[in-house]
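# Breakdown of the fold
Here is what each chain is made of, one letter per residue.
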Amino acid sequence: MKRVLLALLLLAGLAQAGGGAVRVRLPGGWVQGYAEADVLVFKGIPYAHAERWRAPERVDAWSGVLRAERPGPICPQKGSITVRLGRLAGRYLPPADEDCLNLNVWVPAEDPPPGGWPVMVFVHGGSYTGGSGSEPIYDGARLARRGVVVVTFNYRLGPFGFLALPSLAAEDPHGSTGNYGLLDQIAAFAWVRRQIAGFGGDPQNVTAFGESAGAMSICTLLASPLARGAFDRAVLESGGCNFVYTPQEAYAHARDFARAVGCDPGDLACWRALPAERLVALVPSETDFEKVPFKPVLDGYVLEEPPERALAAGRAAAVPLFVGATEDEYRLDVTAPEDPAKSTWAGVEALVREKEGGRADAVIRHYRARFDRALDAYYAYMGERILICPTYRAGRLAARRAPVFGYRFAYASPLWPELGSMHGMELPFVFGTRGVWPFWAFFASTEVQEQSGGLVRAVQQAWTAFARGEAPRAGWAPAPRLGSGWLLGFDARWGWRADDWAARCALWGAGEPIPNR
C-alpha cells in the first residue's frame, strides 16, 4: 500500500497524512480523505453552493485542507423509498440542509493508467423528490475496484429543485425557472471535468450513469445546450426523457402548491421566508410518478425543446448510450395485489380510461390480449408506459446518430419472488452492494449470495467496459446494438436474448417521439 500511495503521490498529487488518511492536491486545493482497503475515499466535497431558487454558484477553490472524510448534508426531502427505509433503521444519512451540493469520490489505490482512470458519475433516482448520492446503496468502492473513478453527488429536489414560478423567471437573468436541480447536475459534471484529474481520473473520459429519475435527468441533459460536453457517454437505467413539463403545466402545479403553502405565487419574500421543513412537509406523497408535480421544465434556457424531439431531430448531444430496464419494473408497487383499482379488470380498465382518453380502448385490448390476470396487466401497463418504453424509445431515437446498446435485467431474488425483477433491482449488482440495507433483504442467505455473485461480476464488467469506451460486455458476450433484434440479458445466466420490446412498445411509439413531449 505504501508503494501504491507513493506512486499516486507522484502521478496524481496524493500524500499520506497519517492514521489511514490521504490527501490529494486538486486545482482548487488540498482535500483529505481516507484509505479503505484498496480504495481511496473522499466524501462530502462541495462542488457548488445552493441558494434557494437561484442557479448554483460553482466552487473552485478553498483555503487550507478540505476534510472529506464523511458525507455532506443531503438535500431537503421526504425521502425516496430507500431513504425512508434507512431512516426507519435509524442509521443512514446525515441531516438535510439547503446548501447540499456535495459529492463523493472513490479511487482505485493503485497506479492510474496513462491518461488516467475512466470516470463514472452516478445520478441518483427518487422521482425528483428524494434520494442522495451518499446513500450506502450507492457506495462506489466495489465498482472502483474494477478500475474506474466513481463519483456520486446530491442535487436539489422537490420544490427546491423544480418549482417553477413566473416571478422566479422574471427575476432570473435568463428568464429561467424550475430547473434548479438540472443546473446542479450540470455544475457537478463541470466540477468533474475541472477537478477529477487530481484524483487520477481522465477528465476526457466521463460516463454518466443513472437510474430512474437519474436516468431521466441524464436523458434530458442530452437536449440541454448548457450540458453540451458534460459527459462522453451515458447509461440509462429505467428512465427516458419524456417527463418534462411545459411552463403552463409547471405553473399550474405551482399554483396548487402555493395554495397549500399559503404564499401568493408572486410573493417571493413569502416563499423564501418559509422554513425548509414546512416546504418538505407539504410535498404530496405521490405513488404515481406521472402525477409528481416537480419535474424539469421547458424554460427556454436550460431546456429549449422537448428532449425526445431534440433527439429525433439531431439537436441533442450524440454520445454513445447503453440503455435498458428491469423485467418487472412496476412490481415495486407492493400495495397493488390488495387494491381492486389495480388487481381487477374493472379497476385496471378505469385507470387506463382515466390516463389514455380516446385511445383507451386500443390500450385495453392490447393488455387484455397479453394477460389473463388484471394485476399482471396493471404491472405491465404502468411499467411499460412510464419506464420501459420511454427508455427504449430514447435509445432508438439516439441510435440514429450514435452507437446505442441495449440490455434487459431480469434477475429476481428467490427470497422475494413476488417482486420479480422490480424497479431498481440492477442497482445492488452495479454497485456490488447486495449486503447493504435495504438490499440485503433480497440476498439474505449464503446460497443466494453465492448464486448471484457471478451476475455482479458480469454487470460490473459490462458497465465498466462501456466506461472505457468499449461495447458493454458480460463475459464473452458483447451487448448488441439496439434495434438489431437482440439485447444483452442479465439473469442467473447472461448473454444475448431476443428483443421483444419493439413489439411491446409499439403501442407507446418505439421509435418516434411522443407528440408534444
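Thresholds, definitions, all that
Residues numbered from 1 in each chain as written. Predicted model: local features only at pLDDT ≥ 70, side-chain atom pairs only at ≥ 80, totals over all residues. Heavy atoms only, no water. Helix = DSSP H or I, 4+ residues; strand = E, 2+ residues; numbered from the N terminus. Rg over C-alpha atoms; globule rule 2.2 N^0.38 Å. Buried < 20%, exposed > 50% of the residue type's maximum accessible area, 1.4 Å probe, protein only. Contact = heavy atoms within 4.5 Å. Areas by Shrake-Rupley, 256 points an atom, 1.4 Å probe, with all protein chains shown as cover. Polar contact = N/O pair within 3.5 Å; in protein donor to acceptor, adjacent residues only side chain to side chain. Phe/Tyr/Trp six-rings, centres within 6.5 Å; stacked < 30°, edge-to-face > 60°. Axes fitted to C-alpha atoms, helices over the stretch in contact; angles between N-to-C directions. Parallel < 35°, antiparallel > 145°, perpendicular 65-115°, else oblique. Left-handed = near helix turned anticlockwise from the far one by under 90°. Nonpolar A, V, L, I, M, F, W, Y, C, P; charged D, E, K, R; others polar. Pairing = 2+ DSSP bridges. Salt bridge = Lys/Arg side-chain N within 4 Å of Asp/Glu carboxyl O. Disulfide = S-S within 2.5 Å.

Turning our eyes to something else, we now look at the overall build of the chain. Looking only at helices and strands, the chain features 18 helices and 18 strands. For the chain, the C-alpha radius of gyration of 22 Å lies close to 24 Å, the compact-globule estimate for 517 residues. Along the first, second and third principal axes, the C-alpha atoms of the chain reach 70 × 60 × 45 Å. For the chain, with 517 residues in total, the buried portion stands at 60%. For the chain, long-range pairs separated by at least 24 residues make up 74% of all intrachain contacts whose partners lie at least 6 apart in sequence. Of the roughly 19,200 Å² of accessible surface on the chain, a fraction of 53% belongs to carbon and sulfur atoms.

A few words on the side chain of Asn-104. Locating Asn-104 in the fold gives a position in strand S8 (residues 102–108). A polar contact of 3.1 Å, which involves the side chain of Asn-104, links it to the side chain of Ser-134. The residues contacting Asn-104, other than those within four sequence positions of it, are Phe-42, Lys-43, Gly-44, Pro-71, Gly-133, Ser-134, Val-150, Val-151 and Thr-152.

Looking now at the packing of aromatic side chains. Scanning all chains against the criterion turns up 37 aromatic pairs. With a centroid separation of 5.0 Å and an interplanar angle of 65 degrees, the aromatic rings of Tyr-128 and Phe-162 are classed as edge-to-face. Here Tyr-128 is found in the loop between strand S9 (117–123) and helix H3 (141–144), whereas its partner Phe-162 is found in helix H4 (residues 158–162), with 34 residues between them in sequence. Judged by its relative accessible area of 0%, Tyr-128 falls in the buried class.

Right, let's talk about the packing of helix H14 (residues 360–370) against helix H15 (residues 374–398) for a bit. In the contact formed by H14 and H15, the axes pass within 10 Å of each other and the chain directions differ by 125 degrees. Considered as vectors, H14 and H15 are oriented oblique to each other. Between H14 and H15 lies a crossing whose hand is right-handed. Note on element contacts: H15 touches H14 through Ala-377, Ala-380, Tyr-381 and Glu-384, opposite Val-363, Tyr-367 and Arg-370. When grouped by side-chain class, the residues that make up the contact of H14 with H15 number 5 nonpolar, no polar and 2 charged.

Moving on, we get to unusual backbone geometry. The omega angle of the peptide bond from Trp-437 to Pro-438 is 0 degrees, so this bond is cis rather than trans. Structurally, Pro-438 can be placed in the loop between helix H16 (427–430) and helix H17 (446–467). At Trp-53, a residue that is not glycine, the phi angle is positive and equals roughly 60 degrees. Relative to the helices and strands, Trp-53 is located in the loop between strand S5 (48–49) and strand S6 (57–58). Look at Tyr-128: it is not a glycine, yet its phi comes out positive at around 65 degrees.

The next thing to look at is the pairing of strand S12 (residues 233–237). Among the 5 residues in S12, 5 count as buried, and that is most of the element. The alternating pattern of S12 places Arg-233, Val-235 and Glu-237 on one face and Ala-234 and Leu-236 on the opposite face, and all of these are buried. With 5 bridges connecting them, strand S11 (residues 201–211) and S12 associate as parallel partners. When the bridges of S12 are listed, Phe-209 appears paired with Val-235.

Any two side chains of opposite charge can pair, on the condition that their charged atoms come close. Tallying each qualifying case throughout the model produces 33 salt bridges. In this structure, Arg-259 and Asp-256 form a salt bridge, with 2.2 Å as the shortest nitrogen-oxygen distance. Residue Arg-259 and its partner Asp-256 are located together in helix H8 (residues 247–261), separated by 3 residues, close to a single helical turn. Judged by its relative accessible area of 44%, Asp-256 falls in the partly exposed class. The salt bridge partner of Glu-290 is Lys-355, with a shortest N-O separation of 2.8 Å. Taken together, the residues span a long stretch of sequence, with Glu-290 in the loop between helix H10 (276–281) and helix H11 (307–313) and Lys-355 in helix H13 (residues 345–356) at a distance of 65 residues. Residue class for Glu-290 comes out partly exposed when judged on its relative accessible area of 22%. Judged by its relative accessible area of 18%, Lys-355 is buried. It is possible to trace a salt-bridge network through shared partners that takes in Glu-327, Arg-370, Glu-384, Arg-408, Arg-497, Asp-500 and Arg-504.

The final tally for this structure, using the stated rule, is 4 disulfides. Covalently, Cys-389 is tied to Cys-505 through a disulfide, its sulfur atoms 2.1 Å apart. On the S-S bond that ties Cys-389 to Cys-505, the torsion sits near -80 degrees, and the link is left-handed. Of this pair, Cys-389 sits in helix H15 while Cys-505 is found in the segment after helix H18 (501–504), placing the two residues 116 residues apart along the sequence. A relative accessible area of 1% places Cys-389 in the buried class. In the chain, the cysteines engaged in disulfides, taken in order along the sequence, are linked 1-2, 3-4, 5-6, 7-8.

Right, let's talk about the packing of H13 against H14 for a bit. The contact between H13 and H14 brings their axes to 9 Å, and the two run at 140 degrees. As judged from the angle between their axes, H13 and H14 are oblique. The handedness of the crossing between H13 and H14 is right-handed. Residues Trp-345, Glu-349, Val-352, Arg-353 and Glu-356 of H13 pack against Ala-360, Asp-361, Val-363, Ile-364, Tyr-367 and Arg-368 of H14. Among the residues forming the contact of H13 with H14, the class breakdown is 6 nonpolar, no polar and 5 charged.

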